[in-house]
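Now for the letters of each chain:
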Amino acid sequence: MGDMQAVDLALSAEPSLDLPEALQAPTRQVGCGFMYALTAAAISLYILYAGIGALLLPYQIGLLAPGSKVAILSFFTSITVLIALFANPLAGAFSDRTTSRFGRRRPWIFVGGLLTVVGLLFMWQATNIPLLFIGYCFVELFSNIALATLVATIPAQVPENQRGMVSGIFSLATGLGGIPGAILAGQIFKSAPTNAYVGCS
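Keep in mind the model is a prediction, meaning the values are calculated, not measured.

## Quick look at the overall build of the protein
Working step 1: Along the backbone of the protein there are seven helices and zero strands.
Working step 2: Element order for the protein, N to C, with α for helix and β for strand: α-α-α-α-α-α-α.
Working step 3: By residue count, 36% of the 201 residues in the protein fall in the buried class.
Working step 4: Within the protein, contacts between residues separated by at least 24 positions form 75% of all contacts whose residues are at least 6 apart in sequence.

## Structural notes on the side chain of Thr149
Working step 1: One can find Thr149 in helix H5 (residues 129-157).
Working step 2: Polar side-chain contacts of Thr149 include one of 3.2 Å to the backbone oxygen of Ala146.
Working step 3: In this view, Thr149 contacts Ala91, Ser95, Arg105, Trp108 and Ile109; residues no more than four positions away in its chain are not counted.

## What about the packing of helix H3 (residues 69-96) against H5?
Working step 1: At their nearest, the axes of H3 and H5 sit 8 Å apart, and the two run at 35 degrees to each other. Note that H3 runs across H5; the crossing there is right-handed. Contact residues: H3 offers Ile72, Phe75, Phe76, Ile79, Thr80, Ile83, Ala84, Ala87, Asn88, Ala91 and Ser95, while H5 offers Ile129, Leu132, Phe133, Tyr136, Cys137, Glu140, Leu141, Asn144, Ile145, Ala148 and Thr149.
Working step 2: In terms of residue class, the contact of H3 with H5 is made up of 16 nonpolar, five polar and one charged.

## Notes on the nonpolar core
Working step 1: Ranked by internal contacts, the top residues of the largest apolar core, which has 18 residues, are Ile52, Leu57, Ile61, Phe76, Met123 and Leu132.
Working step 2: Among the secondary structure elements, those contributing two or more residues to this core are helix H2 (32-64), H3, helix H4 (106-125) and H5.
Working step 3: Take this core: its biggest share by element is six residues, from H5.
Working step 4: Core analysis: the second largest hydrophobic core is formed by 13 residues, Met35, Ala42, Leu45 and Ala173 among them.

## Looking at the environment of Tyr46
Working step 1: Summarising the element assignment, Tyr46 is placed in helix H2.
Working step 2: For Tyr46, a relative accessible area of 26% corresponds to the partly exposed category.
Working step 3: A sequence separation of 128 residues divides Tyr46 from Thr174, and the C-alpha atoms of the two residues are 6.0 Å apart.

## Examining the pattern of salt bridges
Any two side chains of opposite charge can pair, on the condition that their charged atoms come close.
Working step 1: What the rule picks out here adds up to one salt bridge.
Working step 2: Of the charged contacts, one joins Asp96 and Arg105 as a salt bridge, the two residues approaching to 2.9 Å between their closest N and O atoms.
Working step 3: A relative accessible area of 6% places Arg105 in the buried class.

## Considering the confidence of the model for the protein
Working step 1: Summing up the model confidence of the protein, the mean pLDDT is 78 and the portion of residues at 70 or higher is 75%.
Working step 2: Considering only residues more than four positions removed or in separate chains, one finds that residues 1-16, a stretch of pLDDT under 50, has zero contacts.

## As for the packing of H2 against H5
Working step 1: Orientation of H2 relative to H5, taken along the N-to-C sense of each, is 160 degrees, at an axis distance of 11 Å. If you check the angle between H2 and H5, you find them roughly antiparallel. Crossing handedness for the pair H2 and H5: left-handed.
Working step 2: Looking at the contact of H2 with H5 residue by residue, the class counts come to 20 nonpolar, five polar and one charged.

## Quick notes on H3
Working step 1: Over its 28 residues, H3 extends 40 Å from the first C-alpha to the last, a length consistent with the 40 Å expected when each residue adds 1.5 Å.
Working step 2: Regarding H3, the residues found buried are Ile72, Phe76, Thr80, Ile83, Ala84, Ala87, Ala91, Gly92 and Ser95.
Working step 3: Close packing links the buried residues of H3 with H2, H4 and H5.

## Considering the packing of aromatic side chains
Where two aromatic rings form a pair, the distance of their centres and the angle of their planes describe that pair.
Working step 1: Across all of its chains, the model carries six aromatic pairs by this definition.
Working step 2: When the centroid spacing of 5.4 Å and the interplanar angle of 80 degrees are considered together, the rings of Tyr46 and Tyr49 count as edge-to-face. Highlighted residues: Tyr46 and Tyr49, both in helix H2, separated by three residues, approximately one helical turn.
Working step 3: Site record: aromatic cluster; members linked through ring pairs are Phe75, Phe76, Phe133 and Tyr136.

Calculation rules
- Residues numbered from 1 in each chain as written.
- Predicted model: local features only at pLDDT ≥ 70, side-chain atom pairs only at ≥ 80, totals over all residues.
- Heavy atoms only, no water.
- Helix = DSSP H or I, 4+ residues; strand = E, 2+ residues; numbered from the N terminus.
- Buried < 20%, exposed > 50% of the residue type's maximum accessible area, 1.4 Å probe, protein only.
- Contact = heavy atoms within 4.5 Å.
- Polar contact = N/O pair within 3.5 Å; in protein donor to acceptor, adjacent residues only side chain to side chain.
- Axes fitted to C-alpha atoms, helices over the stretch in contact; angles between N-to-C directions.
- Left-handed = near helix turned anticlockwise from the far one by under 90°.
- Nonpolar A, V, L, I, M, F, W, Y, C, P; charged D, E, K, R; others polar.
- Core = buried A, V, L, I, M, F, W, Y, C linked by side-chain atoms within 4.5 Å.
- Salt bridge = Lys/Arg side-chain N within 4 Å of Asp/Glu carboxyl O.
- pLDDT = per-residue confidence, 0-100.
- Parallel < 35°, antiparallel > 145°, perpendicular 65-115°, else oblique.
- Expected span 1.5 Å × (residues − 1).
- Phe/Tyr/Trp six-rings, centres within 6.5 Å; stacked < 30°, edge-to-face > 60°.

See below:
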């Protein structure tokens, strides 16, 4: 009787073989195309963070409320840090439960990136501080959703023997993204500051 119970427990502990492909552990090696796409996406997000946070947002706040620029910028930053704090784990949790034919992460990356662009366009057209705040919150929310699910593609799609290399490339890309972000925003900023949001999108 005891042996039968042990066998039943062992069988119940085995992972289900009927899991959809999106939920199975990755075994297929990723190629250069995947690495290029991951790197480009990471660089794009950090171009956005460097260009918006360091240059464009402070400038626009200064135009709309020159007497309260520092206080408003601090408020914006505090609120959007909280947004990022909740957006990242929630995006990860929801994408873990996504089983679309496009995979768990791709729909969230696509929608997050698309709505980030919408937020940037909203910021570009903002004519007062409340509208600018709404647009910036939109950008932070959906860019963090895109970033969280982008990071999660590494364990979701990269087999164990490649994860170290791919993670290193991704980390390098995020570090490098800030440099062209500051340069690009600065160059656009000099010629047409209010159009720089379009350049960062």
